[in-house]
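Residue-level listing of the chains:
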Amino acid sequence: MSAEEVMVGGCTKAVYDALVTAFGGSDAQATVLCENFILTGTKPDDSSLRYGVNTMWLIICGALVFIMHGGFAMLCAGSIRSKNTMNILLQTILDACVSGIMFYLVGFGFAYGEGPEPNMFIGNAMFGLSRYKSHY
């Protein structure tokens, strides 16, 4: 058997090593995840793992951006007179809403859009989730 065919839980050795690296050296978490692959009957590969890690990173970064909107609202509200506080808070909420809509229209395409001419730097397709196909 080659090193690629050695199974650890439900994962190949290469996928297991990638999971251990992704979890910061935690063998226990990687083992539990590989055992869940056996229970669900799925066969992991590097592309699905990469897609999952990229998606999780994007969700975490998006959550951090929306948390920063709240911090910016408090900064703005603290630097103006109290009678204008509601206006600034409404402005910040509208800014967050417009940010979410613009991510839907433009950001997802930049993050994940692989068009007819793929680019390693930035996506060039799927703006407004056009031509989006589900995995199911």
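Just above sits the structure.
Residues numbered from 1 in each chain as written. Predicted model: local features only at pLDDT ≥ 70, side-chain atom pairs only at ≥ 80, totals over all residues. Heavy atoms only, no water.

### Brief notes about the environment of Phe66
And step 1. Note on placement: Phe66 falls in helix α3 (residues 46–78).
And step 2. Setting aside residues no more than four positions away along its own chain, Phe66 makes contact with Ala96 and Gly100. (Helix = DSSP H or I, 4+ residues; strand = E, 2+ residues; numbered from the N terminus. Contact = heavy atoms within 4.5 Å.)

### Observations concerning the side chain of Thr92
And step 1. With respect to the helices, strands and loops of the structure, Thr92 is situated in helix α4 (residues 85–112).
And step 2. Judged by relative accessible area, which is 8%, Thr92 ranks as buried.
And step 3. Setting aside residues no more than four positions away along its own chain, Thr92 makes contact with His69 and Ala73. (Buried < 20%, exposed > 50% of the residue type's maximum accessible area, 1.4 Å probe, protein only.)

### Some remarks on the pattern of salt bridges
And step 1. Inspection of every chain in the model, using the stated rule, returns one salt bridge.
And step 2. The residue Asp17 makes a salt bridge to Lys13 at a minimum N-O spacing of 3.4 Å. In this pair, Asp17 and Lys13 are both assigned in helix α1 (residues 13–22), four residues apart and thus about one turn of the helix distant.
And step 3. Look at Asp17 and you get partly exposed, because its relative accessible area is 35%. (Salt bridge = Lys/Arg side-chain N within 4 Å of Asp/Glu carboxyl O.)

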